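Close look at the chain arrangement
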Amino acid sequence: MEVFIIGATGFVGGAVARPLAGAGHHITGLARAEAAAIALEAQGITPVAGDLETRRPETISAARLADTVIYAAQADPAQETATLDELIQALAGSGRTLVFLSGSGVFLQRTAGAWSQDSFAEDDPFTVEPQATARKAVEDKVLAAAAHGIRTWVIRPGLFWGPADHGHVSMVYRWVAATGAACYVGEGLNTYSHVHVDDVTRVFGPALERGTSGALYHAVAGETANRWIAERVADDVGCGARSVDEAEAADIWGQFGALRHAPQQPGSLLLWDRRLPSSGRGRPVGAGSPP
């Protein structure tokens, strides 16, 4: 199978490429610069010169040549929306596969560090925060494209962790150096769905083989309160853990980083979606009890 990965040079896209290549698929990956192309070639991935801005036509042309297109890039909302619109238009009626890697961040809630008991399975309705509106709209477009001759699905992982990640845990470590403490917002009881990057990659193989077109898959492996993470980091480096308010959080992490630390991102505790034939019907599990 010819698989084109948009975001192959990234943490998640690269991790997804490795097991697919190991299964015998030919992988091509988008490379914005020569250094990125060299890095892809070193991993056995054929580079495609292009990007999601001025060279988007080259990206779409490469997608037309693939049996499966995986979008795993981290782009701004406007670029992401425009790229997915063009991909759907280019692949319509082809019977080819389009996978959109989203995330449990679409469930973002502004709790200011408080705990929430909310938990969502794949088809549960929820109120979309303005920060997540564009991402949710792209998810809906990809799923709807299944009615137009494209085999599509959306995968929503939690926050990634694993070797060389740049996620939540590593962010807390970095800011210990800046503040002298492992910080959390408010009570620090806001919870996050987490998943090891290698577990996410294991979703793709079975989904490509027997996934249901138009399906939405959650890929998470448990929830952890923000304060618990900060306390474990503090224990590890021998510093204190302390609460900050939202204004101080913005000074420490910036506006986006503060938002990432302050809200809850609830999800269901499912590694395989209930619509994968081998998994049976999954049971949504709540975020647990507050400490």
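Rules and cut-offs
- Residues numbered from 1 in each chain as written.
- Predicted model: local features only at pLDDT ≥ 70, side-chain atom pairs only at ≥ 80, totals over all residues.
- Heavy atoms only, no water.
- Helix = DSSP H or I, 4+ residues; strand = E, 2+ residues; numbered from the N terminus.
- Buried < 20%, exposed > 50% of the residue type's maximum accessible area, 1.4 Å probe, protein only.
- Contact = heavy atoms within 4.5 Å.
- Areas by Shrake-Rupley, 256 points an atom, 1.4 Å probe, with all protein chains shown as cover.
- pLDDT = per-residue confidence, 0-100.
- Expected span 1.5 Å × (residues − 1).
- Arc of directions from axis to C-beta.
- Phe/Tyr/Trp six-rings, centres within 6.5 Å; stacked < 30°, edge-to-face > 60°.
- Patch = residues over 30% accessible without salt bridge, like charges linked within 9 Å, V, L, I, M, F, W, Y side chains within 5 Å.
- Salt bridge = Lys/Arg side-chain N within 4 Å of Asp/Glu carboxyl O.
- Axes fitted to C-alpha atoms, helices over the stretch in contact; angles between N-to-C directions.
- Parallel < 35°, antiparallel > 145°, perpendicular 65-115°, else oblique.
- Left-handed = near helix turned anticlockwise from the far one by under 90°.
- Disulfide = S-S within 2.5 Å.
- Pairing = 2+ DSSP bridges.

1. Observations regarding the overall build of the chain
Assigned secondary structure in the chain consists of nine helices and 12 strands. Counting every position in the chain, which comprises 291 residues, the buried fraction comes to 51%. Contacts in the chain between residues at least 24 apart in sequence constitute 78% of all its contacts with a sequence separation of at least 6. Summed over its atoms, the accessible surface of the chain is roughly 12600 Å², and 53% of this surface lies on carbon and sulfur atoms.

2. Structural notes on the confidence of the model for the chain
When pLDDT is averaged along the chain, the result is 81, and 84% of the positions lie at 70 or above. Considering each helix and strand of the chain separately, the mean pLDDT is smallest for helix 9 (residues 246–261), with a value of 64, and largest for strand 4 (residues 68–71), with 97. Taken together, the stretch residues 261–291 has pLDDT below 50 and engages in 123 contacts with residues farther than four places along the chain or on a different chain.

3. Remarks on helix 8 (residues 226–237)
In a regular helix each residue adds 1.5 Å, so 12 residues correspond to 16 Å; helix 8 covers 17 Å between its end C-alpha atoms and thus fits that length. Every buried residue belonging to helix 8 is among N226, I229, A230, V233 and A234, and all of these are buried. For helix 8, the angular spread of the buried residues around the axis is 135°, confining them to a single face. Relative to its buried face, helix 8 has exposed residues pointing more than 90 degrees away, namely D235 and D236. Directly after helix 8, the chain includes G238, whose backbone phi takes a positive value near 75°.

4. Quick word on the packing of aromatic side chains
For the structure on display, the rule yields two aromatic pairs. An angle of 35° between the planes, with centres 5.5 Å apart, marks the rings of Y71 and F100 as tilted. Here F100 lies in strand 5 (residues 97–101) and Y71 lies in strand 4, a separation of 29 residues in the sequence. We classify F100 as buried; its relative accessible area is 0%. Residues W153 and Y217 carry aromatic rings whose centres are separated by 6.2 Å and whose planes lie at 45° to one another, so their mutual orientation is tilted. With W153 in strand 6 (residues 151–157) and Y217 in strand 10 (residues 215–219), the pair connects residues that are 64 residues apart, well separated along the chain. On the accessibility criterion, W153 (0% relative accessible area) is buried.

5. Points about a nonpolar patch on the surface
Residues V169, Y173 and V237 make up a contiguous nonpolar surface patch of about 210 Å² in total accessible area. Mapping V169 onto the fold places it in helix 6 (residues 168–179). We classify V169 as partly exposed; its relative accessible area is 31%.

6. Observations regarding the packing of helix 6 against helix 8
Running from N to C, helix 6 and helix 8 point in directions that differ by 50°, and their axes come no closer than 10 Å. Relative to helix 8, the element helix 6 is oriented oblique. Relative to helix 8, helix 6 is oriented so that their crossing is right-handed. Contacts between helix 6 and helix 8 involve H168, V169, V172, Y173 and V176 on the former and, on the latter, N226, I229, A230, V233, D236 and V237.

7. Observations regarding the state of the cysteines
Under the definition given, this model contains zero disulfides. In this structure C183 is not part of a disulfide, and its nearest cysteine sulfur, from C239, lies 8.5 Å away. Note on C183: relative accessible area 3%, which makes it buried. Relative accessible area serves as the criterion here: at 22%, C239 is assigned to the partly exposed category.

8. Some words on the sheet that holds strand 11 (residues 223–225)
Strand order in the open sheet formed by three strands is 7-9-11, with mixed pairing between adjacent strands. Strand pairing shows two members of the sheet lacking a second neighbour, strand 7 (159–161) and strand 11, which therefore form its edges. The mean inter-strand angle of the sheet, taken between neighbouring strand axes irrespective of direction, is 45°. Against the sheet, helix 7 (residues 197–210) engages strand 7 and strand 9 (191–196), with an angle of about 70° to strand 9.

9. Digging into the pattern of salt bridges
The full count for this structure, using the stated rule, is 11 salt bridges. One salt bridge in this structure joins R227 and E231, with 3.4 Å as the shortest N-O distance. Residue R227 and its partner E231 are located together in helix 8, separated by four residues, close to a single helical turn. Judged by its relative accessible area of 22%, R227 is partly exposed. On the basis of relative accessible area, E231 is assigned to the partly exposed category, the value being 25%. A salt bridge links R232 to D235, with the shortest nitrogen-to-oxygen separation between them at 3.2 Å.

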